[in-house]
Amino acid sequence: MKDKSNIPDRWAYCREYAQRHYPPGTRIRLIEMPGDPNPVQAGTCGTVLAVDDAGQLLMQWDNGHSLSLLPGVDNFEVLERPRHREIPAHNRRGKGEAR
């Protein structure tokens, strides 16, 4: 995970970490969103839809909101991770496979 100048790519690391630990379908309970002016209420549960290029968790909250989580900034706990067969097929591609 190094960029063209051979420097470790922090964003790639964050993205890959989030993709490994929080695959789509992961259920999460929010503890707090410090610093967000309009945070999702603490205790709200939601489902990870995807991970963006910056490693943010794109969420669908049970209360209808869709505000993303920032691992390492926001505090949350994982309630449940999907089993492999529950992960949608389009999210199970191996590295280098075509879409």
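As a starting point, this report considers the structure included with it. (Residues numbered from 1 in each chain as written. Predicted model: local features only at pLDDT ≥ 70, side-chain atom pairs only at ≥ 80, totals over all residues. Heavy atoms only, no water.)

1. Describing the sheet that holds strand 4 (residues 75-80)
- As summarised here, the arrangement of the four strands in space is 3-2-1-4, forming an open sheet in which the pairing is antiparallel. The sheet terminates laterally at strand 3 (57-61) and strand 4, the two strands that pair on one side only. When strand polarity is set aside, the average angle formed by the axes of neighbouring strands in this sheet is 45°.
- Looking at chain direction, strand 2 (residues 45-51) and strand 3 are connected through five bridges and run antiparallel. Paired with Val 51 across the two strands is Leu 57, which belongs to strand 3. (Pairing = 2+ DSSP bridges. Helix = DSSP H or I, 4+ residues; strand = E, 2+ residues; numbered from the N terminus. Axes fitted to C-alpha atoms, helices over the stretch in contact; angles between N-to-C directions.)

2. Thoughts on the side chain of Thr 44
- As for its placement among the helices and strands, Thr 44 is situated in the loop between strand 1 (27-32) and strand 2.
- Side-chain polar atoms of Thr 44 contact the backbone oxygen of Gln 41, separated by 2.6 Å.
- In this structure Thr 44 touches Ile 28, Arg 29, Leu 30, Trp 61 and Asn 63, once residues within four positions along its chain are discounted. (Polar contact = N/O pair within 3.5 Å; in protein donor to acceptor, adjacent residues only side chain to side chain. Contact = heavy atoms within 4.5 Å.)

3. Quick word on the packing of aromatic side chains
- Per the counting criterion, the structure on display carries three aromatic pairs.
- On the basis of an interplanar angle of 70° and a centroid distance of 5.4 Å, the ring pair of Tyr 22 and Phe 76 is categorised as edge-to-face. Pair noted here: Tyr 22 is in the loop between helix 1 (10-21) and strand 1 and Phe 76 is in strand 4, with a separation of 54 residues, a long-range link. Summarising the burial analysis for this pair, Tyr 22 and Phe 76 share the class buried.
- Chaining the aromatic ring pairs together yields one cluster made of Tyr 13, Tyr 17, Tyr 22 and Phe 76. (Phe/Tyr/Trp six-rings, centres within 6.5 Å; stacked < 30°, edge-to-face > 60°. Buried < 20%, exposed > 50% of the residue type's maximum accessible area, 1.4 Å probe, protein only.)

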